[in-house]
Amino acid sequence: MSVTTNLDHFILIMLSMLVAFVPRYFPMRIFASRQIPNWFNEWMKYVPISLFTALVVKDVFMNTETYSFIGFDSVAKIIASVIVMAVAYYSRSMGLSVVVGLIAVAVLSLVVPI
């Protein structure tokens, strides 16, 4: 059995800071003096969408306690996802999509089992 000390916590916090800082600092430092290619800027437009999709799909089709695939058991979440996709496609607003999704899940959970 090991005992952690305040120094262990301090080292952990410093290492965590370093791990979070390095991937942000060096690309900014490198690209500050260079022109970023247009193809890279176009590609980066899809990163928030792909991250948002990964989070939503995981929550809809996975049980987060057991990390098992639940399939189509959560009908309310699936219907809410379709609604959010339509809102996101027509509005192009991440904030509006999140708010509509939360409202849709809340309303649908009253009618359809979550």
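No experiment lies behind these values; they were computed from the predicted model shown. (Residues numbered from 1 in each chain as written. Predicted model: local features only at pLDDT ≥ 70, side-chain atom pairs only at ≥ 80, totals over all residues. Heavy atoms only, no water.)

**Description of the nonpolar core**
Counting 5 residues, the largest nonpolar core consists of Ala76, Ala80, Ala104, Leu108 and Val112. Every element with two or more residues in this core is listed here: α4 (75–91) and α5 (94–111). (Core = buried A, V, L, I, M, F, W, Y, C linked by side-chain atoms within 4.5 Å. Buried < 20%, exposed > 50% of the residue type's maximum accessible area, 1.4 Å probe, protein only. Helix = DSSP H or I, 4+ residues; strand = E, 2+ residues; numbered from the N terminus.)

**Focus on the layout of surface pockets**
A volume near 860 Å³ is recorded for the largest pocket. Lining the largest pocket are 28 residues, with Phe52, Val56, Ser81, Val84 and Met85 sitting closest to its centre. Secondary-structure elements contributing two or more residues to the lining of the largest pocket are α3 (47–61), α4 and α5. Top element by residues in the lining of the largest pocket is α3. It accounts for 10 residues. Residues belonging to the lining of the largest pocket are distributed by class as follows: 19 nonpolar, 5 polar and 4 charged. (1 Å grid on protein atoms, 1.4 Å probe; cavity = no way out; pocket = protein on both sides within 12 Å on 5 of 7 lines; lining within 4 Å. Points joined across faces, edges and corners; volume = space filled by probe spheres on them. Nonpolar A, V, L, I, M, F, W, Y, C, P; charged D, E, K, R; others polar.)

**Structural notes on the packing of α3 against α4**
Taken N-terminus to C-terminus, the directions of α3 and α4 make an angle of 160°; their axes are 9 Å apart at the nearest point. Compared by their axis directions, α3 and α4 come out roughly antiparallel. Between α3 and α4 lies a crossing whose hand is left-handed. On the side of α3, the interface is formed by Phe52, Val56, Asp59, Val60 and Phe61, while α4 contributes Lys77, Ile78, Ser81 and Val84. (Axes fitted to C-alpha atoms, helices over the stretch in contact; angles between N-to-C directions. Parallel < 35°, antiparallel > 145°, perpendicular 65-115°, else oblique. Left-handed = near helix turned anticlockwise from the far one by under 90°. Contact = heavy atoms within 4.5 Å.)

**Remarks on the environment of Val111**
Turning to its location among the elements, Val111 is positioned in helix α5. For Val111, a relative accessible area of 69% puts it in the exposed group. A C-alpha to C-alpha distance of 46 Å links Val111 and Trp39, two positions 72 residues apart in sequence.

**Overview of the packing of aromatic side chains**
Within this structure, the stated rule accounts for 4 aromatic pairs. Seen from their ring centres, Tyr25 and Phe26 are 5.3 Å apart, and the 75° between their planes marks the pair as edge-to-face. According to the relative accessible area criterion, Tyr25 is partly exposed, its value standing at 29%. Its relative accessible area of 44% is what places Phe26 among the partly exposed residues. Here the aromatic rings of Tyr89 and Tyr90 are separated by 5.1 Å at their centres, their planes lie at 80°, and the arrangement is edge-to-face. Note on Tyr90: relative accessible area 69%, which makes it exposed. Ring pairing ties together the aromatic residues Phe21, Tyr25 and Phe26, which thus form one cluster. (Phe/Tyr/Trp six-rings, centres within 6.5 Å; stacked < 30°, edge-to-face > 60°.)

**Here we look at the packing of α4 against α5**
Contact pair α4 / α5: the axes reach a minimum separation of 9 Å and the direction vectors enclose 155°. Viewed along their axes, α4 and α5 adopt a mutual orientation that is roughly antiparallel. By crossing handedness, the relation of α4 to α5 is classed as right-handed. Contacts from Ala76, Ile79, Ala80, Ile83, Val84, Val87, Ala88 and Ser91 in α4 reach Leu96, Ser97, Val100, Gly101, Ala104, Val105, Leu108 and Ser109 in α5. Each residue belonging to the contact of α4 with α5 can be placed in one class, and the counts come to 12 nonpolar, 4 polar and no charged.

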